[in-house]
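Residue-level structure breakdown
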Amino acid sequence: MNKKTIRDVDASCKRVLVRVDFNVPMEDGQITDDTRIWAALPTINYLREAGALVILCAHLGRPKGQIVPEYSLAPVAVRLSELLDDEVAFVSDCLGEQVTEAVAGAAPGDVILLENTRFYSGETSKDEAEMLAFAEKLAAPAQMYVNDAFGACHRAHGSTYGVTKFLSPCVAGLLVEKEVTKLQQVLDADRTGFVAVLGGAKVSDKIGVIEQLLPRVGSLLIGGAMAWAFFKARGMEVGESLCTEESVAGAQQLIDSMGSYLDRMVLPVDVHMKNVVTGETKYAPADGIEPGWDALDIGPETRAQYAEVIRGAKLVFWNGPMGYFEEPPFDEGTLAVAKAMGECSGYNVVGGGDSGYNVVGGGDSVAAITQMGLADQMDHVSTGGGASLEFIENNGILPAVKVLDDKG
Ligand code: ADP
Ligand code: MG
């Protein structure tokens, strides 16, 4: 990575503002998945050991500039304190006197967590002056800035972008460094043996990603409801399947613009569908979807075909589930892809050896492999869904990473 990291600076006795990604899923005030908190620990521990006073800031959910108690980071402070096995001082505001007092009362090595930055409208404001005014106040108690919130790096917000105008140095944390390095390897990979797998709900979300990937890959395997948009654009029947007009327009745009690269795109040859009236389920060839039926997953022939391509790949990048995985048996396509990724046997272009190399990005795809217990089979599982896609789409540039100090 061409950006400075916490290893390139002296944080000893400095008050360091650290933007982390603590946007964890919650139900009834309980954290249901603490992966993102774990992911921030290496940077927090590194800075503490270096003798820094660590001031953490983060957002949770979309409170839209209002104080919404259910989006308080207080439960995250409790969980973080458990994981660090040490005290974490929680401040119920991210600006102002309470913060000044907490910082004044803290010592090098201490950890403070500030309340949700999105309780202020300035954090996400499109009015640059308002965003910067917020950022200046957020930066005020600190002497240095670290961004370790990979999942928020595709946003030029007050805490990810604005603060860099008021603090120096501004460097990357260890998670941001790891994510950027791993995803850059995907962009730099040799085309031979590079397989991308894209699924999920809508083509329209991923047009830019498909445009970047098609010229780079050997094959692009398409699954999920996204496939039906390509079917429909080609005049095929999709019955009651999830297929928005926007997605069909997106598919058409790609068909019109990608020329011979389209030969690398592989669509399902069969589907697993459900009758919307009777609930009966059956397999059908791709051109056999009938009115009244909802195609919810790829079929067994497609599963086998995709699995074989993936097993022989040197590098696989996967985003988006192959079907409606939340409702078994429509998780079978996603499971087949996840398993095949674990069995990937081509020469590992990144680390050497014959285990292939695989990277998973995207919120729901990561949830799927975690739910299936297969996350540890992957070489890299991105903590940032939107950010990992935007990284690919923008050819390796993320607004909040771009503004960090350059190396050298
Ligand atoms: P990601 O978050 O991994 O980028 P998306 O958000 O694009 O993925 O899409 C994930 C959602 O798409 C999941 O909720 C999944 O159930 C749904 N989905 C995928 N295929 C189908 C399908 N054939 N029919 C209905 N829903 C589908
Ligand atoms: Mg999603």
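Everything below is about the structure shown above.
I will try to describe carefully the structure that is included in this document. This structure is a prediction, so every number in the text was calculated from the model and none was measured. (Residues numbered from 1 in each chain as written. Chains lettered and ligands numbered in written order. Predicted model: local features only at pLDDT ≥ 70, side-chain atom pairs only at ≥ 80, totals over all residues. Heavy atoms only, no water.)

Here the focus is the overall build of the protein. Secondary structure assignment for the protein yields 13 helices and 17 strands. What you see for the protein is a C-alpha radius of gyration of 23 Å, in line with the 22 Å of a compact globule of 408 residues. C-alpha atoms of the protein, sized along the principal axes, occupy 70 × 45 × 40 Å. Here the protein, with 408 residues, has 54% of them falling under the buried criterion. A sequence separation of at least 24 residues applies to 72% of the contacts in the protein between residues at least 6 apart. When the 33 positive and 57 negative side-chain charges of the protein are each reduced to one mean point, those points stand 5 Å apart. (Helix = DSSP H or I, 4+ residues; strand = E, 2+ residues; numbered from the N terminus. Rg over C-alpha atoms; globule rule 2.2 N^0.38 Å. Buried < 20%, exposed > 50% of the residue type's maximum accessible area, 1.4 Å probe, protein only. Contact = heavy atoms within 4.5 Å. Lys, Arg positive; Asp, Glu negative; His and termini not counted. Charge placed at Lys NZ, Arg CZ, Asp CG, Glu CD.)

On to helix α11 (residues 363-371), then. Listing the buried residues of α11 in full gives Ser365, Val366, Ala368 and Ile369. Angular distribution of buried residues about the axis of α11 spans 155°; they occupy a single face of the element. Where α11 is buried, its residues contact β15 (315-319), α10 (332-342), β16 (358-361) and β17 (380-381). Following α11 by one or two positions, Gly373 adopts a phi angle in the positive range, close to 70°. (Arc of directions from axis to C-beta.)

We now examine the sheet that holds strand β14 (residues 293-298). Sheet architecture is open: 3 strands sit in the order β13-β12-β14, paired in antiparallel fashion. The outermost strands of the open sheet, each flanked by one partner alone, are β13 (281-285) and β14. Along the sheet, successive strands turn relative to each other by an average axial angle of 40°, direction set aside. Pairing of strand β12 (residues 270-275) with β13 involves 5 bridges; the strand directions are antiparallel. Along β13, the bridge assignment pairs Lys274 with Thr281. (Pairing = 2+ DSSP bridges. Axes fitted to C-alpha atoms, helices over the stretch in contact; angles between N-to-C directions.)

This model, assessed by the stated rule, comprises 11 salt bridges. Residues Lys3 and Asp406 are paired through a salt bridge, measuring 2.7 Å at the closest nitrogen-oxygen approach. Placement of Lys3 in the segment before β1 (15-19) and of Asp406 in the segment after α13 (399-402) is noted, with a sequence separation of 403 residues between them. For Lys3, a relative accessible area of 7% puts it in the buried group. Among the residues examined, Asp406 registers a relative accessible area of 46% and is labelled partly exposed. With its nearest N and O atoms 3.9 Å apart, the salt bridge here joins Lys202 to Asp205. (Salt bridge = Lys/Arg side-chain N within 4 Å of Asp/Glu carboxyl O.)

This part is about the environment of Gly385. Here Gly385 lies in helix α12 (residues 385-393). For the pair Gly385 and Gly362, spaced 23 residues apart in sequence, the C-alpha to C-alpha distance is 3.5 Å. Among residues more than four places away in sequence, those in contact with Gly385 are Arg36, Gly362 and Gly363.

Before going further, it helps to spend a moment on the site of ligand 1. In the neighbourhood of ligand 1, 20 residues make up the surrounding shell, with Lys206, Ala225, Glu326, Asp364 and Ser365 lying closest. Between ligand 1 and Lys206 there is a distance of 3.0 Å, counted from an oxygen atom to a side-chain nitrogen or oxygen. Separating a nitrogen atom of ligand 1 from a backbone N or O atom of Ala295 is a distance of 3.2 Å. Contact with the protein chains covers 85% of the free accessible surface of ligand 1, which is 580 Å². At a threshold of 2 Å from the grid points, most atoms of ligand 1 map onto the second largest pocket. Counting residues per element, the ones that place at least two in the shell around ligand 1 are β14 and α11. A total of 3 residues in the shell around ligand 1 trace back to one element, the largest contributor, which is α11. Taken together, the residues of the shell around ligand 1 break down into 9 nonpolar, 8 polar and 3 charged. (Near = heavy atom within 4 Å. Polar contact = N/O pair within 3.5 Å; in protein donor to acceptor, adjacent residues only side chain to side chain. Areas by Shrake-Rupley, 256 points an atom, 1.4 Å probe, with all protein chains shown as cover. 1 Å grid on protein atoms, 1.4 Å probe; cavity = no way out; pocket = protein on both sides within 12 Å on 5 of 7 lines; lining within 4 Å. Sits in = over half its atoms within 2 Å of the grid points. Nonpolar A, V, L, I, M, F, W, Y, C, P; charged D, E, K, R; others polar.)

Our focus in this paragraph is the side chain of Arg118. With respect to the helices and strands, the residue Arg118 is situated in the loop between β6 (111-114) and α4 (128-139). Glu123 is the oppositely charged side chain nearest to the buried, salt-bridge-free Arg118, at an N-O distance of 5.1 Å. A distance of 3.4 Å separates polar atoms of two side chains, one belonging to Arg118 and the other to His59. If we skip the residues at most four places from it in the chain, Arg118 touches His59, Gly61, Arg62, Pro63, Lys64, Gly65, Gln66, Glu123, Thr124 and His157.

Take the pairing of strand β7 (residues 144-147) next. Burial along β7 is two-sided: Met144 and Val146 facing one way and Tyr145 and Asn147 facing the other are all buried. Bridge count for β1 against β7 is 4 bridges, and the pairing is parallel. Counted as the bridge partner of Val16 is Met144 from β7. Pairing of β7 with strand β8 (residues 170-172), which is carried by 3 bridges, proceeds in the parallel orientation. Bridge pairing links Asn147 to Ala172 in β8.

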